[in-house]
Every structure is written in C-alpha cells, then in structure tokens.
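# Observations on chain architecture
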Amino acid sequence: MSTSSPLLPRRAGEKVPQADEGGRRYWLACAIFAIALAGWLCLGRLPDLAQGETPTIVDRNGVVLYEPLSLRGDRSEAIRADALPERVVQATIAVEDRRFFSHAALDGRAVLRAAWHDVTRRRMAEGGSTITQQVAKLLLGRKERGVFDKLHEGIVAVHLEMGYSKSEILALYLNLAPYGNQTTGVARASRLYFGCAPEELTIAQAAFLASLPQRPSALNPLRNEERAIARQRRVLALMHEQHVITEREYAAALNERLRFERGERRVGAQHFIEHVLECRTGTPACPGTRRRIETTLDASLQREVAGIIAAQKRDLLDHGAHSVAVAVIDNHTGEWLAWEGSGDYFGTDFGGAIDGVTALRQPGSALKPFTYALAFERGDSPATVLADVPSHFQTAEKGVVYTPRNYDGRYRGPLRVRAALAGSENVPAVAMAAKLGPASLLRFLTRAGFRDFEKNADYYGVGLTLGDAEVKLEQLVAAYSVFARGGVYVEPTMFRRQPATGNRQRVMSQRTAFWITDILSDPDAREYVFGRGGNLDFPFAVAVKTGTSQAYRDNWTVGYTRDVTVGVWVGNFDRKELRNSTGVTGAGPIFHAVMLSAAKRAHGGRLPIGDDAPIVDPPDGIERAPICALSGLRPSTSCPNVTSEWVASDAPVRFCSWHHDGYVDWPPEYRAWAQRSVDVSSAQPAKSGRDVRSPLQILSPPNGATYLIDPTLRMAYQTLKLRASSPRVTWHIDQQQVATAEWPLQAGWHTVTAIDDAGRRESVQIVVK
Ligand SMILES: [Zn+2]
C-alpha cells in the first residue's frame, strides 16, 4: 500500500512498481506541490518598490510638469509610514476597508458582502477588496482582471501582509492610488485640489480625497462638482456611522464649502508630457533615462493657452467644434514653448487624449504660401500677375479636368501675387501650382518639413496647393517658422540643452522668405477679402495665414513674428463638419489671443506695440519700385493706377504694355473675362467719358462679409474702410449717412450703401459680431 502522505518522501529502498496506481498519484501530488510553491514564490514576488525609471519632467524654468512618486517614500511629496496624515487615513479606511487593522490580507466578510451586493445590484461604498489587495493591484498595474489576475493579486497581498506593517501598506496605498486629473498619490492630490499638504486637510477635504480612487475620472470635481460632493457626503456619513468623527465634527464637515483650486496652478501639457515620455525611449535625439528631463515648454505660456481655449469654449461649441490644438515655437531656437493637443485631455466624449498637434489633417489654404515661395525661387515676384479667370486644369486621371473656384465664387481677372496670396484666392494658386508642377511642389514641401505625405504628386495633383494632402500642426508651425528665420529650417525640439545637432538647413532664399512675410503681414493686401479690424490684425507686425479644409472639417490659423510662430487648429477628431466657421471665426480668435501672449512673453512682458521693424530683414538686391497696379509691370504714362512693390534690383525692367491712351489691350488669357466683367471700367482710364454707364460697385466691404470686434484691441483699431469703384461717393450705413469712409465697427447686421454723383447706388449686407 502507498498511502503515505504525498508530502513525505518514500522510505529509502522502497521500490516503486511501474504501473502502481498510488505511485502515479504520488508524482502528481509532487508536481502540483512544486507548481504551487513555484507560483507562490514567483507570483508573490513584490514588484520593485523603488521604481526609479521614470524621470521628473520640468519646463524651461524648472517648473515641474510631471513627477513620478517614489514608492519608498523617500521624496518629500510621498507619504511616509511613520507620518501618516490622520484625517486622510481615517477617511480612507472608512470608505475602503473598515476592518483594515484587524483582518489578514483578504477580508472574508467584505468579499461575501460585495458578492451579496453584486447579486442584489446595490452599489455600496465598500468594494470586496481590502486595501492590501488594492495595493497589490496597483503594484501589478493591470487593467484586465481575469481569474488568474485575482489569484495573483491575492498571493501578492498575502506577501505584503507578511512582509510589511499595516502602516507601511497604508502608506503604499496613499502613494499609489489614482486621484484623478493624472494625479497619483494623495500628497499631490492634496496640493492639486486644495493647495495644501495632506496633514493640513480638513475632515471635509480628507473625505473628498478618500472618495476619489474608486472612480477618479467620474468623480472629477473640476468636471462635475455636484457628483463629487455627493460622493464626499457619503464618505462623511460612513465616517460618522463608524464613529471615526464626532457628531460636531460631522456637522461642521457637512457645512464646510469645499473650494477647489480649479486647476489654475496646474500646468496641464499632458499631450506634451506624453510625447516627451514616448520620445525618451524612442529616438536617439532624446536624452536617455536621466532622472530629470529639462524640456523647452514654458509652463506659464502653456497655462495662458489653456485659459484662452477655456474662454473660447462656448463659441467653439456653437460652431460644432470640440477640439483645439495650439502649438507655439521659438523661432530662434526651434524650441516648443506651448503644446496643447485637444483643449481637454481628460474629455472622453470627443477623443480628448488624442494629440491634435501631431494628428494628420487637411490644411486647406495654409499651404499656399509654399506654392508662392517655390514660384519666387523660380523667378517670380510679388508683382507677378496671375490669371484669376475661369480655368481648367488637367488632372492625373486621364480626361478629367479640374475647375477651381474662389471662396466667394468671383473671378478677379489679373491678380498680382501679393493680392492672390494675401486674399487666399484659389484659382491663381492652382494656376501657379500647375505652372510649377505638383512633383516639384511636393519636393519643396518635404524640404520645408512636411514629411508625412502618404501619396505621390500624381495623386494629389494641383490640389496640393489647396490642401488635399494631410499635414500635422507641428509641421505647419515648424515650416512657417522657416519664413520667420529668413528661409532656414531648424529641426524643432522638446528638450533643452541638447547638443547642437547642426540640423539647420536653408530651404529657400532670404529674399523669398522676406517676400512671403511681407505679403502675409500686409493688412492692406488681404483687406479686399478679410476686411479690417479682425483677429488677423495686430498693433505690431504679424505674418498670418488661415486655412479651411473641405466641408469645414478643419479650421486653421498660423502666423509668426520675428520671435515666435503660433499655429491653431480647430475641428473634431471624428472629422465632423463645423458650422459657419472659417479661419477667420474659428481658430482666429484663439490665434489672436495666443499670439498676444506669446509676443508679450518674447518682449519681456510688454507688447511690442509700434515696433515697426520688419519680421524678416529685406535682403540686398531688392528695392521698392513703382509698378502698374493692373499689369504689375513698370508704369507707363498711360497707367491710371500706380503702386509700389519690392522687386529684384537686377530684374529686367519691362514697362506696362496693357494700358494705352484710353483703352486696355488685354493679354489673350484675360479677354473673355474682361468682356464679361464689370470691373473693366474701373481698370480703364475714364477718359472718353463713355464709362459713365458702368455700374457702381462696392469694393469694400464685400457683400455678406462677417467682421469680428476684438475686445482685446482698442476700438480705434477696429474700423472698416469703405471703398467703391468710383472715388466720389457718399456712404450710408443703415440709411444713416456717415462722414468718413472709415467706419467704426458696431455689432449687428448692417446695410452699407454707396451713392455717387450720378445718383447711382449700390448696397451690400454685412454682419459685425
Ligand atoms: Zn499699366
């Protein structure tokens, strides 16, 4: 017989019969025991409590953006087992595990009660897990919880109870538990929500904090204060029931009104931090696993950006926009100063954790400056005239032609590059892209930093200049900073004091960068489309461009001064369309406010008002010369309108051949347009007197235009210039005659009427918000 215990070895010399039933049972038992022992030893091994891998992340001035807590409590922020904050401990035990000090690793009664409540579907304050089990769970860091995980947790919990005192386990819990808003540990939570150390918390505050770890995001007081308070009252009631606090303390705590810090002192920048942590292990350019990572972010600017987005939130929602991304770069160094990915990292409804700075989206018109920059590199200038006439362009698909349209559906005939770019007209941009060829344009864009194009030039075709290819906001901002730098690309960085990578590359000539900048910072040039006094105008030089993708899915404003480049994207991550939102109304107000903050920061806290220095210095070899306003050529004596433009000093001088005494000899591509267009009369000298019959036209404001009053600017800046095709008109706003042709903006719907000497009248409708 072999009935001896499987735990005892057989007596020496005892032979095991080969097919002996009992022998097999013996070995089976031995195997089970060995596996259980191995499991106990391996699974029960506690994770490293030092956890020294994650570094502290600071901003450019040493402000802590992210700090991992050491589990041993050797950092000032962590709770130590010999100095547990009493109120927090009382509240935590009351709500999480009332028999913590008396039970072993598992609390049989709590498990049964939790099972009972699961059955009866009543949700209770207490779960089935003891604090020790929860520490085990937090240490193992698992989200999925299968049977094996529960078993593993149980084993670790028993090991914890055997190896640590109750106070040490409690300290581990308080340091590891999640308290919402990306905050781990009660010490930091205490500073975040109430701005004080955990020992200084009142009973009411401690009860609030103790309620958080179970459902940290649902109970977020910065999001839903009512729900969070209801939960805090439940914890207070439990403390009272369990006689942890007296009747008087209970009453006082109920009466105490909790004041949350509302995150003002919080930097945010979660998307940026994530990027830094990701990058740490990825590319060689990132500093290794140092204990402290110095980043380029400016925490105070970042905070201002968050405030600006919060202030615009309602207006954005009115336009059906749920996400905002903002990026600010230092032009001199290529360092990121602010980086906001969605405007609401913790919002789960609209993908708040997605980083809009690195998301691929259609840029709309925001790439047009690069089309013209390549044209300048090839010999064109701001005076080059392009045909804004109905045109067709061959696409890569055989037999399919593309007919671009301008935003307002109008064609303006000959348009100088300055006006075409500043007014963001589509037809001339496509004509230019067709002339340059999509392949060379794509190569140029890639050199400027757009490196994520998925398709080839044939696929995009001339639509490339209208934003058919997707780009990232970070690329857009980096590429625009090339203009500000006079044509030099600098690889953007998130890390301070990185060894100079030497990654500075000339992408275009200084002359090209100067011309593009001069046009984008010219409010007169864009006025015929964008009006005056809106979000694109500043009391100092800012080069700016807007973009709106097809069907209003994406809305962009990007711009720069000498020192900073700011980019703003507004949209929805699910690509839902925006309502009545263009670059001027959606991203524009946020851009305006962020640019004011960033410019102020760059000038030591003061706005550079009245600073007339150009953003990019005019290079040698260009001069301001008179040109014919229509043909862009040097004026002849017959040219009726002469303006001036920056031209290359060594460019061959060609005089206007369009204007002749009394008529315009239109180049062939404009003839059909000129015959149909009412604008011809205004382009022709009024010598013969025959043009009296041409209709009067209001050139500014355009019909149906929307203007925005900017509360951050003085009203003196916020006027609308009134212009008509005839210089001698009287102006009426809503039937009231106005004295000058510069009208101070007033909110509301308005009818602008021009009446000339001959009694002809013309009206347009505008709205001012
Ligand atoms: Zn001329």
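Only a predicted model underlies this, so the values are computations on that prediction, with no experimental measurement involved. (Residues numbered from 1 in each chain as written. Predicted model: local features only at pLDDT ≥ 70, side-chain atom pairs only at ≥ 80, totals over all residues. Heavy atoms only, no water.)

## Quick notes on the overall build of the chain
Applicable threshold: Runs of H or I in DSSP of at least four residues are treated as helices and runs of E of at least two as strands, each being numbered from the N terminus. Throughout, a residue-residue contact means that at least one pair of heavy atoms, one from each residue, lies within 4.5 Å. Using a 1.4 Å probe, the Shrake-Rupley method yields the accessible areas, and only the shown protein chains count as cover for residues.
The number of helices and strands found in the chain is 23 helices and 29 strands. Across the chain, contacts joining residues at least 24 apart in sequence account for 66% of those joining residues at least 6 apart. Summing over all exposed atoms, the chain offers an accessible surface of approximately 36500 Å²; the carbon and sulfur share of this is 51%.

## A short note on the coordination of the zinc ion
How we decide: Metal sites are built from N, O and S donor atoms within 2.8 Å, or 3.2 Å for Na, K and Ca, and they leave out water, so they may look incomplete. Every geometry call rests on angle ranges, with four donors termed tetrahedral when all angles are between 85 and 135 degrees, four termed square planar and six termed octahedral when opposite donors are over 155 degrees apart and all others are between 65 and 115, and everything else termed irregular. Only protein chains enter the calculation, and the probe is 1.4 Å; a residue is then buried if its accessible area is under 20% of its type maximum, exposed if over 50%, and partly exposed in between.
Within the protein, Cys628 (SG), Cys639 (SG), Cys656 (SG) and His659 (ND1) serve as the donor atoms for the zinc ion, at 2.1 to 2.3 Å. For the zinc ion, the four donor atoms are set out with angles of 103 to 119 degrees between them, so the coordination reads as tetrahedral. Sequence positions of the donors to the zinc ion reduce to the motif C-x10-C-x16-C-x2-H. Highlighted residues: cysteine 628 in strand β17 (residues 622-628) and cysteine 639 in the loop between β17 and β18 (642-648), separated in sequence by eleven residues. Take cysteine 628 and cysteine 639: they sit in the same class, and that class is buried.

## Observations concerning the environment of asparagine 535
Turning to its location among the elements, asparagine 535 is positioned in the loop between α20 (523-530) and β14 (543-548). Given the relative accessible area of 6%, asparagine 535 is considered buried. For the pair asparagine 535 and histidine 592, spaced 57 residues apart in sequence, the C-alpha separation works out to 5.5 Å.

## Some thoughts on the packing of aromatic side chains
In this description, a pair of aromatic rings is defined by centroid distance and the angle of the planes. Short version of the rule: Put simply, two rings from Phe, Tyr or Trp (the six-membered ring, in Trp's case) pair if the centres are within 6.5 Å, and we call them stacked under 30 degrees between planes, edge-to-face over 60, tilted for the rest.
In total, this model carries 23 aromatic pairs according to the counting rule given. The interplanar angle of 85 degrees and the centroid separation of 5.7 Å between the aromatic rings of tyrosine 193 and phenylalanine 208 together place this pair among those described as edge-to-face. Placement of tyrosine 193 in helix α7 (residues 186-194) and of phenylalanine 208 in helix α8 (residues 203-211) is noted, with a sequence separation of 15 residues between them. Both residues of the pair, tyrosine 193 and phenylalanine 208, count as buried. For the ring pair phenylalanine 538 and phenylalanine 540, a centre distance of 5.7 Å and an interplane angle of 50 degrees mean the geometry is tilted. Judged by its relative accessible area of 13%, phenylalanine 538 is buried.

## A word on the pattern of salt bridges
This is how the line gets drawn: Throughout this description, the term salt bridge denotes a Lys or Arg side-chain nitrogen within 4 Å of a carboxyl oxygen of Asp or Glu.
Enumeration over the complete set of coordinates arrives at 25 salt bridges. We note a salt bridge from glutamate 249 to arginine 87, for which the minimum N-O separation is 3.4 Å. Residue glutamate 249 is located in helix α10 (residues 247-255), and its partner arginine 87 is located in helix α2 (residues 86-96); the two are separated by 162 residues in the primary sequence. Looking at arginine 87, the relative accessible area reads 28%, which means it is partly exposed. Between arginine 532 and aspartate 537 there is a salt bridge, and its shortest N-O distance comes to 3.5 Å. Judged by its relative accessible area of 17%, arginine 532 falls in the buried class. By relative accessible area, aspartate 537 is classed as buried at 12%.

## A short note on α7
Among the nine residues that make up α7, eight are buried, leaving the element largely enclosed by the rest of the structure. Every buried residue of α7 is listed here: Val186, Ala187, Arg188, Ala189, Ser190, Leu192, Tyr193 and Phe194. Of the residues one or two after α7, glycine 195 is the one with positive phi, at around 65 degrees.

## Considering the packing of helix α12 (residues 299-318) against helix α21 (residues 588-602)
Here is the rule we go by: For helices, the fitted line uses only the C-alpha atoms of the stretch in contact; every axis is such a line through C-alpha atoms, and the angle between N-to-C directions lies from 0 to 180 degrees. Note on angle classes: values under 35 degrees are labelled roughly parallel, values over 145 roughly antiparallel, values of 65 to 115 roughly perpendicular, and the remainder oblique. The sense of a crossing depends on the near helix, which, turned anticlockwise from the far helix by less than a right angle, makes the crossing left-handed and, turned clockwise, makes it right-handed.
Two numbers describe how α12 lies on α21: the axes approach to 9 Å, and their chain directions differ by 160 degrees. As far as their axial angle goes, α21 and α12 are roughly antiparallel. In this structure, α12 meets α21 at a crossing whose hand is right-handed. Of α21, the residues touching α12 (which contributes Leu301, Glu304, Val305, Ile308, Gln312 and Leu316) are Pro589, Ile590, Ala593, Val594, Ser597, Ala598 and Arg601.

## Some details on the side chain of glutamate 425
The residue glutamate 425 is located in the loop between α14 (417-422) and α15 (426-436) in this model. Discounting residues that sit within four places of it in the chain, glutamate 425 has contacts with Lys368, Tyr372, Asp388, Asn406, Arg412, Leu415, Ala420, Tyr528 and Val529.

## Quick notes on the sheet that holds strand β1 (residues 56-58)
Inclusion rule: Note on pairing: two strands pair once DSSP finds at least 2 bridges between them.
With mixed pairing, three strands are arranged side by side in an open sheet as β2-β1-β3. Unpaired on one side and paired on the other, β2 (64-66) and β3 (292-294) mark the two borders of the sheet. Across the sheet, the mean angle from the axis of one strand to that of its neighbour is 35 degrees, orientation sign disregarded. Pairing geometry for β1 and β2, over two bridges, is antiparallel.

## Quick word on unusual backbone geometry
Residue histidine 243 is not a glycine yet carries a positive backbone phi of 60 degrees. Non-glycine residue serine 424 carries a positive phi angle of around 55 degrees. Inspection of the secondary structure puts serine 424 in the loop between α14 and α15.

## A look at the sheet that holds β14
Paired through their backbone hydrogen bonds, the strands of a sheet run either parallel or antiparallel. Read from one edge of the open sheet, five strands run β5-β4-β16-β15-β14, paired in antiparallel fashion. In this open sheet, the two strands that pair with only one neighbour each are β5 (336-340) and β14. Between one strand axis and the next, the sheet turns through 10 degrees on average, direction left out of account. Across four bridges, strand β4 (residues 323-330) lies against β5 in antiparallel orientation.

## Overview of the confidence of the model for the chain
This is how the line gets drawn: Note on scores: pLDDT gives the predictor's confidence for each residue, bounded by 0 and 100.
Averaged over every residue, the pLDDT of the chain is 82; residues scoring 70 or more account for 81%. Counted against residues more than four places away or in other chains, residues 69-76, with its pLDDT under 50, gives 26 contacts.

## Overview of the side chain of histidine 271
When you line up the elements, histidine 271 lands in helix α11 (residues 270-281). Given a relative accessible area of 2%, histidine 271 falls into the buried group. The residues touching histidine 271, leaving out its near neighbours within four places in the chain, are Trp339, Glu340, Gly341, Ser342, Tyr345, Gly352, Ala353, Ile354 and Asp355.

## Some points on the packing of α7 against α8
Stated formally: The nonpolar class holds Ala, Val, Leu, Ile, Met, Phe, Trp, Tyr, Cys and Pro. Asp, Glu, Lys and Arg form the charged class, and all remaining residues, Gly among them, are polar.
At their nearest, the axes of α7 and α8 sit 11 Å apart, and the two run at 120 degrees to each other. It follows from the interaxial angle that α7 and α8 lie oblique. When the axes of α7 and α8 are compared, the crossing they make is right-handed. Seen from α7, the contacting residues are Val186, Ala189, Ser190, Tyr193 and Phe194; seen from α8, they are Gln205, Phe208 and Leu209. Split into classes, the residues belonging to the contact of α7 with α8 amount to six nonpolar, two polar and no charged.

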